[in-house]
Amino acid sequence: MKFIDIGVNLTDPMFIGQYNNNGKQYHEADLKQVLERAWSIGMEKIIITSGRLSEVKESLELIKTYSDNDEENNNNNNNNNNNNNNKNKLFTTIGVHPTRCSQELIDSNNEIKQEYIEELLKLYNENKEKIVAIGEFGLDYDRLEFCSKEIQLKCFEYQFQLSEKTGLPLFLHLRGNSESGACSDFIDIIKRNRNRFSIGVVHSFTGTLDELKQLLELDGIYIGVNGCSLKTQENLDVVSKIPINRLMIETDAPWCDIRKTHSSFKYIKTNFPTVKRDKFKLGSCVQNRNEPCNIINVLEVINGLNGGENIEEISDQIYNNTINMFFSNQSNQSK
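These lines cover the structure that appears in this document, whether it is placed above or below.

Some words on the pattern of salt bridges
Tallying each qualifying case throughout the model produces 14 salt bridges. Residue Glu104 pairs with Arg52 through a salt bridge whose shortest N-O separation is 3.8 Å. Pair noted here: Glu104 is in helix α3 (residues 101-104) and Arg52 is in the loop between β2 (43-48) and α2 (53-77), with a separation of 52 residues, a long-range link. Residue classification places Glu104 among the buried positions, given a relative accessible area of 12%. Here Glu291 makes a salt bridge to Arg289, at a shortest N to O gap of 3.4 Å. The burial state of Glu291 is the same as that of Arg289; both residues are buried. A network of salt bridges, in which partner residues are shared, links Asp30, Arg37, Arg289 and Glu291.

Structure representation (structure tokens):
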């Protein structure tokens, strides 16, 4: 089976052994091993989520570092058939996450900084082969303490100029309970700007069945799911209604892992050697730190919700959905 993880936070400090933003080093960096585990289960591409300008730069540097290192190793080993290398497998996005809009996009006069958008476009024009989506952007009404609803709405709509000027698909964020109005505001903005983008995915979907139905009525909008989409039985009931031809999967690592307390855990068949972070062992996963290899667990849950008999067929459809959205124009796509 082949996988593409549409959303991974590879620049998160957890992958260099730091947790809780306290600067303490719990263990050595193991991103190299994290990537190797991903490739070993059939991962073909990973899209690194960027939610602000500095993260785009970090992501591009990470891509360059790991791609260059692997190319050098392959040349030294005279081995061009190494399927576990990182070259042409790591990609990223450009955009501003809704919770960061006040800090990143708004100036002292409460106006949007167009120069910030221009800098994002400059990075895209310099790195077109590695930037494959606009995002992560959208609305988050669960965390209004970081950015007001008014500013989120203004910045969400403003960023559609990125899709207009690049032609890239959208990697969308939507969070807020059904009473918050987040989904209806989100849909209004999508409809109002429908002529400004081609296609997009609402990632990490955790909404209600009614919200799912409204999103599926939108032309060109797909649904992305991860462990956060699969916690409760209610979540599972909703996800089971997503048509496979409108579905994508992700991990959102190092977040959104599937845990034993989640209703979806009963569908998990694949496990990886895992240790607590204070007993770290290079080559093992870390407890409660999600990583891209666990995308196979998301697929196993989707398969279980769809009868449990057609995992390869489901995998192929999801893979093709993802290729068609993000990589259809790339000559280096996997065959």
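Read on, since the account is not over.
Here we look at the state of the cysteines
Inspection of every chain in the model, using the stated rule, returns one disulfide. With its sulfur 2.3 Å from that of its partner, Cys228 forms a disulfide with Cys256. Judged by the torsion about the S-S bond (-90°), the Cys228/Cys256 disulfide is left-handed. Of this pair, Cys228 sits in the loop between β7 (221-225) and α9 (233-239) while Cys256 sits in the loop between β8 (247-249) and β9 (274-275), placing them 28 residues apart in sequence. Considering cysteine sulfurs only, Cys293 is the nearest to Cys285, which forms no disulfide, with 4.2 Å between them. For Cys285, a relative accessible area of 4% translates into the label buried.

What to know about the environment of Leu168
Take Leu168: it is sitting in the loop between α6 (160-166) and β5 (170-175). Each C-alpha atom, one on Leu168 and one on Gly200, is 8.9 Å from the other, the two residues being 32 residues apart in sequence. With near-sequence residues (within four places) excluded, Leu168 lies in contact with Tyr124, Ile131, Val132, Ala133, Ile134 and Ser163.

Things to note about the environment of Tyr116
Summarising the element assignment, Tyr116 is placed in helix α4 (residues 114-126). Owing to a relative accessible area of 8%, Tyr116 belongs among the buried residues under this scheme. Counting along the chain gives 26 residues from Tyr116 to Asp142, while the straight-line C-alpha distance between them is 25 Å. Sequence-distant contacts of Tyr116, defined by excluding residues within four places in its chain, comprise Arg52, Leu53, Val96, Glu104 and Leu105.

Section: the packing of helix α10 (residues 295-305) against helix α11 (residues 311-327)
The interhelical angle for the contact between α10 and α11, taken along N-to-C directions, is 115°, at an axis separation of 10 Å. Note that α10 runs across α11; the crossing there is right-handed. Taking contact as the criterion, the partners of Leu299, Glu300, Ile302 and Asn303 in α10 are, on α11, Ile311, Ile314, Ser315 and Ile318. Of the residues assigned to the contact of α10 with α11, the class counts are five nonpolar, two polar and one charged.

Conventions adopted
Residues numbered from 1 in each chain as written. Predicted model: local features only at pLDDT ≥ 70, side-chain atom pairs only at ≥ 80, totals over all residues. Heavy atoms only, no water. Salt bridge = Lys/Arg side-chain N within 4 Å of Asp/Glu carboxyl O. Helix = DSSP H or I, 4+ residues; strand = E, 2+ residues; numbered from the N terminus. Buried < 20%, exposed > 50% of the residue type's maximum accessible area, 1.4 Å probe, protein only. Disulfide = S-S within 2.5 Å. Contact = heavy atoms within 4.5 Å. Axes fitted to C-alpha atoms, helices over the stretch in contact; angles between N-to-C directions. Left-handed = near helix turned anticlockwise from the far one by under 90°. Nonpolar A, V, L, I, M, F, W, Y, C, P; charged D, E, K, R; others polar.

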